[in-house]
Structures are given as structure tokens and as C-alpha cells.
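# Tertiary structure, described
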Amino acid sequence: MNIITYTVHPQIPEPLKPLQELAHNLWLSWNYDAVMLFIRLDYDAWMRSHQNPARMLGMVSQEAFERQSTDDSYMAALSAVYERFSKYRDGEAWYTGSLKDTIAYFSMEYGMDVSLPIYSGGLGVLSGDHMKSASDLGLPLVGVGLLYRQGYFVQYLNADGFQQESYPENDWYSMPVERCLDKKGEDVKITVQMADSIVAARVWVVRVGRNSLYLLDTNIEENSAENRKITATLYGGSKETRIRQEILLGIGGIRALRAVGINPAVTHMNEGHSAFLGIERIREHMVNEGLSMQEAIQAVWPTNIFTTHTPVPAGNERFALDIMEKYYPSVTAGTGMTWDTFMALGRENPTDQLEHFCMTVLALRLSAYNNGVSRLHGDISQDMWAGVWPELPKSELPITSITNGVHVRSWLSHDLSDLLDRYFGPRFYDEPTHLDIWKRMDRISDEELWRTHERRKSRLVSYSRQRLRRQLENRGVSGSRLIQADEVLSPYVLTISFARRFATYKRGTLLFRDPERLMKLLSDSERPIQIIFAGKAHPHDIPGKNMIKEIVHFANRPEVRSRILFLENYDMNMAKYLVSGSDVWLNTPRRPLEASGTSGMKAAINGVLNCSVLDGWWAEAYNPGIGWAIGNGEEYEDSEMQDEIESKALYNLLEQEIVPTYYDRGRDGLPREWIKMMKASMQEVGADFSSIRMLREYAENFYIPALENFTRISADDYAAAKRVAALTARLEKEWGHVRITEIQRKHGSALNVGDKLTTEALIELGKLKPEDVRVELYYGKIGSKGDIENPVRIEMNMAKKEGEVYRYKIAASINEAGQQGYAVRVLPKSEDLVHEFLPGMVRWS
């Protein structure tokens, strides 16, 4: 059957045309006044569209359009919102640098809004907040991702409480995405060779405030049925599907940006999924600028940024040799890379011929800037990937940390946002970088904050009842059980929420280790608690699914049925109800397996208090005035012992601190101590864990330096890249001949503070020259493990050449008493290097 396709657009009256632009820009998702325009336009259509403005406009009757276009109140509201949007889009921003070159941010998923379901969880929501904050700051940043026809999956539970999955098709023509068109009005498309087939992809764009997100879609006629499935589901399919998705994201993503006229001067890989982009950028430099492979690598390395999110080795993408053999020729086409050279880029030990290819290692080796997503995770990442830089002390490994943050305007409830706007003033919206404004929390009275929280809590209870009733109806439940769904939860009971991915390390059932103790907390006649659970398990994670089943079975007990429930299909919309209407946000991961976590931040800025293991972000945020810590940051070899100890610690916190503090009310009915903690939590977390703070750190530490590197590296026909390539070639050839043959101590074994540490070293450099290397004195206090703590690094001076040996000297100041020590080392040296810590190139005495 030959089907001729065409697109039908809603017929919107001219005065209401701004609604079309607003519906297709996700600025709307963090501006509730804009959302209200669509709710006022047609509330029933808003609900039927599942809060999707782009889809909703096609469902509104012409009569409703005409009625609102002549309503002066509605038109005044539309005018005010559109004026605010225009001022935001076109006005000045924090970033005032050049917009000529672009930072390209690559992520496998983006959680922007419920109307664009191309995310699974925390990584995607973080990517969405990253994009929104980049827009707020005016950074020249675009996003790149994949447009999944079926997204992640829709979760539902069967009658036994076991998770099932469905995969509804997304209709892109009714969502806030638009096809990218060329000058002829035709679809922008790119092609990528994948093994023995050529895959074509259409490019779509999502408007995110000032910025854009470009998404690739292989579900087009040019592709075979198999290749059309590449962008079918997020994190679905086999290893073969995964590598094809990652080739498309990395290599196809760079080509897509070129096709729409964008120069990705700097690239940021959010996780290793997109790391093949480094190979594509190398190929571009070789083909377009005529650079050698090594010169191209040195042109790419200073402009690549990599963020890792995984604290365990098993969570990093690795591909077996048979898969790599199949895709190696097409991935490296145009670069001249040999098999060994290519595989070495993805191996911790480049000489291990049996080691699988790791996307994280590829990203680390091709990036000058690397980071984890919390202080603890940065430390763990250094331990995990120390093998990439053998013989380098942990403190110097080029992996730092930038702790995640949340986009405040996206996650504040609208009524709390209104309250803060009143007391914080216009700068709260107009100047998002003014984070000190959170110190004004004390201006808000306890009464106003608590009444606002009570309204949000009542909304959560109502929402939960509606969702539970719908769940039960879908399972075929009827009669009295359905009626009971309308009576679950109470807006007057301490409400605890646990909502996150159901992976076993997150321990969603930790509270159930002592059912009798939990039953007492739930059924207490005077000071009860109630608990809401939500979250998805990966379709192949049977232990995670069994955890959900265990919770559902417990919740079905008649004596606690009104106090505990599991809400199906956790998504961004549900999250907004939970993080604003709960009293306590519970998090129970096995430390140190939570890289960061951001749901607790969203809860905290809404005044919901955290009770969590000291892992991820909470390990650096916690203090007793803003929430509770389960344990003291211990790590255990025995997981059963850990669960036993920490479950008891959690029960103790609930019984002795959390429940009493919540129910301790004065004559006015206000829990003053609780409200004090709410205010402190909002003040501290709002300022320190905002994604504006996060983006400024990325900009100041990575983006702006990398843009400067691009300008410097590309100047004079890539002269700097050629110099570094020549240096690294010499180093690789001669490094085996570099030796520290002798250290001559010119001081006694006992020194006084203020004395000089005078030392000379004899160094063999082979055919290298003194200007190729940096010889350092590395000294400081000896720690308990026999290493040098907080070392001081001072470059030694080359005094003279003695035959084939160079003599280096130094006289360093001693400024601290105690047992100290020193060593001498040799590193590469060049003003063109971002840092001198090149893998495998450090020689110690």
C-alpha cells in the first residue's frame, strides 16, 4: 500500500499565535505562568493531552480558540508571559563571551519534561537540567541525543505485584520537537557506516529556552527494518544494538551538528556512551585540515570534556572483541588507525590483547578534562581509573569532581515558587546566578511556609488516591477495594517517600527487614507514618522487580493498606508531586554506590527533609540542621551485616528523632523545630546544589578554557597541535631511555624549619632534550601509609650536561616540622599541553 503522508496543524487565531511558539519551547516547563495559559485555554484538553502543550493545541476546539482570543483577561496574561519569554530569550545573560564557537553536550537521554519521554531516570533528568541551566546562563551550548520511538517503557504491575512493561509509540508530530530543514525545505539527514550497512538518520530539534537540543532518528524509509530499530528504545536490545546506538550518537551526532551549520569546537560527553565522537573529530581534522592522526588527536584532546557517573566497574560500557572486530573498520574509517592503536584507546592496559573495549577508557584517553559528579564519586573514580595513568599518585590523577545540581525553577512547586518570589524579590528570577538570595529564607514566616506545605501535601494525597484507583481498575479490581483507594493516606500524617530506580544497591526494601517494628510505626494511633514508593526496575532486573513485588505484597495487608502504597510508572510529573508534598525523602543506597543522586536535592529545595545514607551528594551536604544521616559513612565487606546495622539505624532515627520532631506541635499547631529544619535545608541546598552553580563550575573550569584551547590549537594551521604531536612522538620513542641514575643529597638527615633542602639529580634523557621534560622535586610530610601527603612540586633547574647525563639542582624551602621525605621525577613538558599527566609518562627516582 502506497501511503501519502501530510501534516495537519491547528488553526490558531492570529492573536493566539504566540501559544504555538511557547508550546514548542521547553522554557514553558519551568515557567508555571506559561503552563497556566494552556490550562486556562482548555483544561479538559490539557488533561487528555497528558500535559503536552504541543499535542494539546491540536485538541482544542475552534470555539475555545475564538473565545479566548477575545477575552481581554486571557490576552493580557498571554501578552505578559510572551513578553517575559522574549526578554529571557533575547536579553543579556551571565556568559558574555563569543558565541561563534559552540560547546556540544552529548547524552544518551534527556529528561526535560513529561511531554518528551526520552529519558529513563537520573542521568536523563540531570542532562535536562544541564540544558536548562546552560540556557539560563546564556552559554553557547547545544545538546545532542537520540529520538527514541518508544522511549524507555511504561511500567504497570500485574495482580501479583510483578512489574510488566509496555512500549507505546511516540508521536513526534504532537510533541515539542521539530524536523530540521535545509534551505530547500527538505529534511536534514546524515549517514553513518555501521559494519556492512549505511544507516541514515533524520535530525530533529527541541528548543530549550535560548538553546537547542538536536536528536537523531533512524525510523525513516531509507533504512532497513533492522536499522530503523536503532532508535526504537532507550537502553533496550542487545550489545549489538547498544554499540550501534553509541556509534550513531557519537559519530552521527557530530555529523548532525555539521549538517545544521554548527561547529562543535568543544565536546562534552555525559557518560561514555558518546565517546566515539572523539574518533570522528580526529577523522575530521585529518580529512579537512590534512593533519596526521597524532596531530589530530592533539587537536581534539584539549577540547574534549568527559563526565563519568558510574561508581562501579561493571556499570561502564564494555564491548567484547568480536563486536569490536565487526565495527572497528567503519568506526575508524578515514583515520588510518590500526586495530592495535584503536583498541589501546579503549583499554586500561593498552598491551593486554584480551581486554575488552571500554567506552569510559576511550573517553578518558581522549579528554583533557574529566570529572565525577560528587566529591566522593570523584575520589572513587580516581581509584577506579588509576590504571590509565600508571605510577601517578592518586591526588594528581586528572579526574576532578563537579557535584551535580538541580534546575530550581523546574522542580519548585508553583505555590512555593510564588512564595519565594514575593520574599526573595525579582532577582530570584531575573538573576539566577545570585545564589546568596537563598539567605532570605528567614524572611518567610513559619506560618506561611507551613500552610504552603500543607496545600502541597493535600495535593499529593489526592494525586496518589487517583493514581492508585486507576492502577486497581487496570488490574480488574472493583467493589470495596476500589472504594478503599479513595481513603489511602492522610494529609495529616508524617509522609515518607522513596522514589527512584529499583536497583538492588538502592535497597528499596531496607525498611522491611523488621516487619513488626515497621507495623508499629505505620499503625501508631497518635503518631503514625505513611510511606509512598515509586520507581522502575530495568526490564531484565529480576531482583529489582522482586523488591517491588515484596513492597506491594506488604502494602496489601489490610491493617496497613491505608498507610503504604506503590505508585506505578514513576516519571517527572509524579516526581514533582512527591518532592514537594512529602515530609521526608528516604534514600538507602549501599555506600559508595550512589555517584551523586539528585532527587534528594529536588526534595530539599521544596522543604522536604532528607533521611539518607551518607553517599553521593548527601555525604557533602549533610549536617544535623537540615536532615538525618543513616550511619556515619561506613563501608562494609558483608552486605548482610550492612543491611542489618543500617536498617536498625533507620528505625532508631524514625522512632527517636524524625517522628517526635514532626509531631511536636505548639499551641498554634505548628511543628516549629521541623519548620526550622525546612528553612535551613532550603537555604543551604538551594544555594549549594543548584544546577546554576554546577554549570558555572563546568563553564569556569572546563568550557571556557576548552574554548580558549580551541582558538589556540587551531591558530596558524594547527601549529600547537603539530608541536605536541611531534613532542609525544619523541617521548614515546625515547621514554624507555629516561632514567634517574643518581640523587645526590646536599643536606643532613636533620633540618630546621627555614633551612634549604638542597638536592641534585643525574638524569639520562636518551635523545630527548631538556626542554622536552620537566624534572621535579616532589616533597612533603610522610603520611601514615609511608607516602607523601599534600606534596609540594618544584621544578628543578638543569645545571649542566655531563657526558650523556644531565645534572639538575634545587634548593627548596622547608616550612613545616615533622617527618618529611622527597623524590625526584620526570614528566613531559610543553606550554601547549593542558596538563603534563600523559598516560604512562612519568619516571620516578
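Heads up: the structure comes first, above all this text.
We now turn to the structure provided with this report. Only a predicted model underlies this, so the values are computations on that prediction, with no experimental measurement involved.

### As for the overall build of the chain
For the chain, the helix and strand inventory stands at 28 helices and 28 strands. Here the C-alpha atoms of the chain give a radius of gyration of 29 Å, agreeing with the 28 Å that 2.2 N^0.38 yields for 845 residues. Taking the principal axes of its C-alpha atoms as reference, the chain extends roughly 95 × 70 × 50 Å. Taking contacts inside the chain between residues at least 6 apart in sequence as the whole, the part at least 24 apart equals 72%. Summing over all exposed atoms, the chain offers an accessible surface of approximately 34300 Å²; the carbon and sulfur share of this is 48%.

### What to know about the sheet that holds strand β20 (residues 627-630)
Strand order in this open sheet of 6 strands is β17-β16-β15-β18-β19-β20, and the pairing throughout is parallel. Two strands in the sheet have a free side with no partner beyond their single neighbour: β17 (564-567) and β20. Each strand axis lies, on average, 20° off the axis of its neighbour in the sheet, ignoring direction. Relative to β17, helix α22 (residues 542-555) is tilted by about 140°, and along the sheet it contacts β16 (529-534) and β17. This element, helix α27 (residues 672-688), spans β15 (494-499), β18 (584-587), β19 (609-613) and β20 of the sheet and lies at about 75° to β19.

### What to know about unusual backbone geometry
Each neighbour pair has its own omega, and for Arg 591 with Pro 592 the value is 10°, a cis peptide bond. In this fold, Pro 592 is placed in the loop between β18 and α24 (599-605). Positioned with a positive phi, His 50 is a non-glycine residue whose angle comes to about 60°. Looking at the secondary structure, you find His 50 in the loop between α3 (43-48) and α4 (53-56). At Gln 51, a position not held by glycine, the phi torsion is positive, near 60°.

### A closer look at the pattern of salt bridges
Enumeration according to the criterion identifies 65 salt bridges in this entry. One salt bridge in this structure joins Lys 722 and Asp 717, with 3.1 Å as the shortest N-O distance. Relative accessible area serves as the criterion here: at 29%, Lys 722 is assigned to the partly exposed category. With its nearest N and O atoms 3.7 Å apart, the salt bridge here joins Glu 802 to Lys 800. Of the residues examined, Lys 800 reaches a relative accessible area of 45% and is grouped as partly exposed.

### A closer look at the nonpolar core
When a protein is soluble and globular, its nonpolar side chains tend to lie buried together. Residues Phe 38, Phe 276, Phe 342 and Tyr 703 are the most contacted members of the largest nonpolar core, which totals 175 residues. Counting 99 residues, the second largest nonpolar core, distinct from the first, contains Leu 419, Ile 548, Ile 630 and Tyr 662.

### Some details on the packing of helix α19 (residues 446-474) against α27
Here α19 crosses α27 at 85°, and the two axes come no closer than 10 Å. When the interaxial angle is binned, α19 and α27 end up roughly perpendicular. Here Asp 446, Glu 447, Leu 449, Trp 450 and His 453 of α19 lie close against α27, whose contacting residues are Arg 672, Trp 674, Ile 675, Met 678, Lys 679 and Met 682. Along the lines of polarity and charge, the residues of the contact of α19 with α27 split into 6 nonpolar, 1 polar and 4 charged.

### Here's the deal with the sheet that holds strand β28 (residues 843-844)
Neighbouring strands of a sheet are bound in pairs by backbone hydrogen bonds; such pairs are parallel or else antiparallel. Within the open sheet, the 4 strands sit side by side as β24-β23-β27-β28. Their pairing is antiparallel. The open sheet terminates on both sides in strands that have one partner only, identified here as β24 (788-795) and β28. Both strand β27 (residues 820-828) and β28 contribute to a ladder of 2 bridges, which runs antiparallel. Residue pairing in the sheet places Val 826 in a bridge with Arg 843 of β28.

### Looking at helix α17 (residues 414-424)
Listing the buried residues of α17 in full gives Asp 415, Leu 416, Ser 417, Leu 419, Leu 420 and Phe 424. Against α16 (408-411), α18 (427-430), α19, α24 and α27 lie the buried residues of α17. After α17 finishes, the residue Gly 425 shows a positive phi value of roughly 90°.

### A word on the environment of Pro 393
Looking at the element boundaries, Pro 393 is found in the loop between α15 (375-384) and β14 (400-401). Pro 393 sits 270 residues away from Tyr 663 along the chain, and the two C-alpha atoms are 51 Å apart. Among all residues touching Pro 393, those that are not within four sequence positions of it are Tyr 778, Arg 825 and Trp 844.

### Some details on the environment of Thr 303
Note on placement: Thr 303 falls in the loop between α11 (293-300) and β10 (304-307). Measuring from C-alpha to C-alpha, the distance between Thr 303 and Leu 420 comes to 39 Å, with 117 residues separating the pair along the chain. When near neighbours in sequence (up to four residues on either side) are disregarded, Thr 303 contacts Ala 265, Val 266, Thr 267, Arg 281, Ala 706, Asn 709 and Phe 710. Here the side chain of Thr 303 touches Arg 281 through a polar contact of 3.1 Å, side chain to side chain.

### Details of the packing of aromatic side chains
Applying the stated criterion across every chain, the model contains 32 aromatic pairs. Plain terms: the ring middles of Tyr 152 and Phe 153 are 4.5 Å apart, the flat faces sit at 45° to each other, and that makes the pair tilted. When sorted by exposure, Tyr 152 lands in the same class as Phe 153, which is buried. The interplanar angle of 20° and the centroid separation of 6.3 Å between the aromatic rings of Phe 276 and Phe 357 together place this pair among those described as stacked. In this pair, Phe 276 is assigned in the loop between β9 (264-270) and α10 (277-289) and Phe 357 in strand β12 (residues 357-358), connecting sequence segments 81 residues apart. We classify Phe 276 as buried; its relative accessible area is 0%. Since its relative accessible area comes to 0%, Phe 357 is described here as buried. Chaining the aromatic ring pairs together yields one cluster made of Phe 498, Phe 502, Phe 512, Phe 533, Phe 554 and Phe 566. The ring of Tyr 429 carries the charged tip of Arg 84 above its face, separated from the ring centre by 3.6 Å. Positioned over the ring face of Phe 498 is Arg 500, at 5.0 Å from the centre of the ring.

### Re the side chain of Glu 284
With respect to the helices and strands, the residue Glu 284 is situated in helix α10. In this structure the side chain of Glu 284 is engaged in a polar contact, spanning 2.8 Å, whose partner is the side chain of Arg 258.

### Remarks on the side chain of Ser 599
If you trace the backbone, Ser 599 turns up in helix α24. Sequence-distant contacts of Ser 599, that is, excluding residues within four places in its chain, are made with Ala 499, Arg 500, Val 579 and Trp 585.

The rules behind these values
- Residues numbered from 1 in each chain as written.
- Predicted model: local features only at pLDDT ≥ 70, side-chain atom pairs only at ≥ 80, totals over all residues.
- Heavy atoms only, no water.
- Helix = DSSP H or I, 4+ residues; strand = E, 2+ residues; numbered from the N terminus.
- Rg over C-alpha atoms; globule rule 2.2 N^0.38 Å.
- Contact = heavy atoms within 4.5 Å.
- Areas by Shrake-Rupley, 256 points an atom, 1.4 Å probe, with all protein chains shown as cover.
- Pairing = 2+ DSSP bridges.
- Axes fitted to C-alpha atoms, helices over the stretch in contact; angles between N-to-C directions.
- Salt bridge = Lys/Arg side-chain N within 4 Å of Asp/Glu carboxyl O.
- Buried < 20%, exposed > 50% of the residue type's maximum accessible area, 1.4 Å probe, protein only.
- Core = buried A, V, L, I, M, F, W, Y, C linked by side-chain atoms within 4.5 Å.
- Parallel < 35°, antiparallel > 145°, perpendicular 65-115°, else oblique.
- Nonpolar A, V, L, I, M, F, W, Y, C, P; charged D, E, K, R; others polar.
- Polar contact = N/O pair within 3.5 Å; in protein donor to acceptor, adjacent residues only side chain to side chain.
- Phe/Tyr/Trp six-rings, centres within 6.5 Å; stacked < 30°, edge-to-face > 60°.
- Lys NZ or Arg CZ within 6 Å of the ring centre and 35° of its normal.

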